[in-house]
Amino acid sequence: MSQTAALRLRRAVARTEDATRERVPVGRRPGEADDLLGTFATDGALGFDPLPFLQAIHAAGSHAVVIGQVAGIMHGSTELTGDLDLLWDGTPDEAHALRDALARCGCTDLPDLDRPHVGYRVTGASGDLCTPALPWGAMDVTPCLASAETTRDPAGFTIRYAALDDLIRMRRALGRPKDHRRADELARLTT
């Protein structure tokens, strides 16, 4: 199993830290990101390090799949982000594993995982937990769970992330300006 995608993510975390070192918090949360710049322009980028949560997801036995810009970074996108979005199957077993991972990483207000889309916050990251029941335009994202790619982090844990073609389709289905721009960037990576 390759470490390439995990190393890209580690480099992006370091670049985010460098780029935000002098930035002062302005009270803008990732949920308030605009459709052009995305969450990197919010306070979510300050101290952004999803790796401990991804390690906790692995340790808890979760099969959640990284989606959004973190998955884009893992495929080679150069745009930074300030949130970690995950796709999971919505089953009780997976909800139990995600609650365990959230608690391991300092989440004191566990989200209601009976809903198709909830926000979360842990030390170092926040973002959205999405199930296939969340409307994705005309796209059925259920197959994205089975087609996810894996990478092995140098610290010894596995990260599951959306396959490149699935991620491009997800971006186009969402249709925001940043999604089109990022889908175009990802499409160029396939040629």
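The preceding data block contains the structure.
Quantities reported herein were computed from a predicted structural model and do not represent experimental measurements. Along each chain, numbering runs from 1 in the same order as the chain's sequence is written. Local features in this predicted model are restricted to residues of pLDDT 70 or higher, and side-chain atom pairs are both shown and tallied only at a pLDDT of 80 or more, whereas totals for entire chains, interfaces and linings draw on every residue. Just so you know, side-chain values use all the structure's heavy atoms and leave hydrogens and water out.

1. Considerations on the nonpolar core
(1) Moving on: Side-chain atoms within 4.5 Å link the members of a nonpolar core, which is a set of buried Ala, Val, Leu, Ile, Met, Phe, Trp, Tyr and Cys residues. Note on classification: 1.4 Å probe, protein chains only; a residue is buried when its accessible area is under 20% of the maximum for its type, exposed when over 50%, partly exposed between these limits. Membership of the largest hydrophobic core comes to 51 residues, with the highest contact counts inside it found for Phe53, Leu54, Val66, Leu84, Leu87 and Met170.
(2) Moving on: Setting aside residues no more than four positions away along its own chain, Leu84 makes contact with Phe48, Pro50, Phe53, Leu54, Val66, Val70, Tyr120, Ser126, Gly127 and Asp128. We call two residues in contact whenever any of their non-hydrogen atoms come within 4.5 Å of each other.

2. So, the packing of helix H2 (residues 51–59) against helix H4 (residues 92–104)
A pair of packed helices is characterised by two quantities: the angle between their axes and the separation of those axes.
(1) Moving on: Only C-alpha atoms enter the line fits that serve as axes; for helices the fit covers just the stretch in contact. Angles between N-to-C directions range over 0 to 180 degrees. Numbering goes from the N terminus for both helices and strands, where a helix is a DSSP run of H or I of at least four residues and a strand is a run of E of at least two. Contact geometry of H2 with H4 gives a least axis separation of 8 Å together with a crossing angle of 140°. By the angle class used here, H2 and H4 are oblique. In this structure, H2 meets H4 at a crossing whose hand is right-handed. In this structure, H2 contributes Phe53, Ala56, Ile57 and Ala59 to the contact, and H4 contributes Ala101, Leu102 and Arg104.
(2) Moving on: Looking at side-chain class alone, the contact of H2 with H4 contains six nonpolar, no polar and one charged residues. When describing relative orientation, an angle under 35 degrees is termed roughly parallel and one over 145 degrees roughly antiparallel, while 65 to 115 degrees is termed roughly perpendicular and anything else oblique. Crossing handedness follows the turn of the near helix against the far one: under a right angle anticlockwise gives a left-handed crossing, and clockwise gives a right-handed one. Each residue receives one of three labels: charged for Asp, Glu, Lys and Arg, nonpolar for Ala, Val, Leu, Ile, Met, Phe, Trp, Tyr, Cys and Pro, and polar for the others, Gly being one of them.

3. Examining the pattern of salt bridges
(1) Moving on: Only one rule defines a salt bridge in this text: a Lys or Arg side-chain nitrogen within 4 Å of an Asp or Glu carboxyl oxygen. Throughout the structure, instances matching the rule amount to eleven salt bridges.
(2) Moving on: Close ionic contact of Arg10 with Asp153 constitutes a salt bridge, the shortest N to O distance being 2.7 Å. With a gap of 143 residues between them, Arg10 in helix H1 (residues 4–20) and Asp153 in the loop between strand E5 (149–152) and strand E6 (158–161) connect regions that are remote in the sequence.
(3) Moving on: Asp153 gets classed as buried once you look at its relative accessible area, which sits at 1%.
(4) Moving on: Taking the shortest distance from any N to any O, the salt bridge between Arg176 and Asp179 comes out at 2.5 Å.
(5) Moving on: Assessed through its relative accessible area of 30%, Arg176 is described here as partly exposed.

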